[in-house]
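For reference, the chains in residue letters:
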Amino acid sequence: MNECYLVTGAGGGMGHEIAKQLLDKDNFVVVSDLYEDVLKSMYSEYERCVIIPQNLMDVNSAKEIVSAATKRCGKIKGFVHCAGFDKMAAITQNKYDDIIGLMTIHAIIPILICGQIAKKINHADSCSIVLISSVSAHEGAAGHTAYAAAKGAIEGFLKPAAAELADKGIRINVIAPGVVQTNMSKGWIEKLDDNQRKRLNAQYPFGLGKPEYIRDLIDFLLSDKSKWITGQTIIIDGGRLCK
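Keep in mind that this is a model prediction, so the values were computed, not measured. (Residues numbered from 1 in each chain as written. Predicted model: local features only at pLDDT ≥ 70, side-chain atom pairs only at ≥ 80, totals over all residues. Heavy atoms only, no water.)

Caption draft 1: A look at the layout of surface pockets. Looking at the largest pocket, its volume works out to about 1,000 Å³. Lining the largest pocket we find 48 residues, and of these Asp 86, Tyr 147, Thr 182, Met 184 and Ser 185 sit closest to its centre. Those elements that provide at least two residues to the lining of the largest pocket are helix H1 (13-24), helix H4 (96-119), helix H5 (145-166), helix H6 (183-189) and helix H7 (194-202). Looking at the lining of the largest pocket, the element that brings in the most residues is H6, giving four residues. In terms of residue class, the lining of the largest pocket is made up of 22 nonpolar, 20 polar and six charged. If you trace the second largest pocket, you find it lined by Ile 111, Cys 114, Gly 115, Ala 118, Phe 157, Pro 160, Ala 161, Glu 164, Leu 165 and Lys 168. Taken together, the elements giving at least two residues each to the lining of the second largest pocket come down to H4 and H5. If one sorts the elements of the lining of the second largest pocket by residue count, H5 sits on top with five residues. Looking at the lining of the second largest pocket residue by residue, the class counts come to seven nonpolar, one polar and two charged. (1 Å grid on protein atoms, 1.4 Å probe; cavity = no way out; pocket = protein on both sides within 12 Å on 5 of 7 lines; lining within 4 Å. Points joined across faces, edges and corners; volume = space filled by probe spheres on them. Helix = DSSP H or I, 4+ residues; strand = E, 2+ residues; numbered from the N terminus. Nonpolar A, V, L, I, M, F, W, Y, C, P; charged D, E, K, R; others polar.)

Caption draft 2: Quick peek at the state of the cysteines. In the structure shown here, the tally under the stated rule is zero disulfides. Counting only cysteine sulfurs, Cys 73 is the nearest neighbor of Cys 49, a cysteine outside any disulfide, at a range of 8.6 Å. Not part of a disulfide, Cys 73 finds its nearest cysteine sulfur in Cys 4, a span of 4.4 Å. (Disulfide = S-S within 2.5 Å.)

Written as structure tokens, this is what we have:
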């Protein structure tokens with residue numbers, strides 16, 4: 001039976017980078033995002049790629065996407081949850097629907113997907129899961145209260161999940177990037193004035209992040225080179241939290 005990797009948010013910057021790298025290594029990869037046409041434009045050239053468009057704001061999607069992936073490709077060898085969005089707002093302006101949306105896409109859905117994967121894995125198999133947090137959950141990032149809370153929720157999930165999943169031979173880790181130059185961050189970065197942009201750049205001794213920096217860390221965590229690593233939150237921020 002084939003083994004495959006599942007990458008959600010594969011239509012975005014970080015998701016696309018890791019999915020493409022896995023495909024370039026001749027792996028079977030299931031890519032998922034909201035818009036099928038976007039996925040087809042990115043991955044139609046890859047014979048080992050399976051496109052499964054999915055609305056991950058629907059809690060039923062967790063079971064559906066894992067079932068579809070295993071039916072089409074076999075065992076899930078690795079899962080990376082890159083789907084997500086940010087909704088900046090002052091704490092006085094947070095709205096219930098926005099908070100629920102952020103919690104759903106960043107915490108509830110990946111937790112449910114992990115549970116669905118665990119149901120299909122035996123200890124004889126091996127699987128590595130990588131979830132995405134943010135340095136926003138580790139610092140005073142004004143305007144990011146709801147987003148940081150959602151990311152903090154997935155970090156709170158990590159340790160007990162790692163303890164349970166180890167019995168099934170599943171490793172699970174979280175990475176917490178600083179600002180990475182993707183379409184998601186582009187919107188608010190472009191709204192900064194010159195002084196604000198200078199202050200942002202000054203916070204990153206090694207420059208703002210690029211999707212390939214995150215890709216390489218994820219690739220390592222998915223591989224057997226990290227087979228002794230589980231239950232860890234790894235900050236990758238170009239020195240941001242050292243400042």
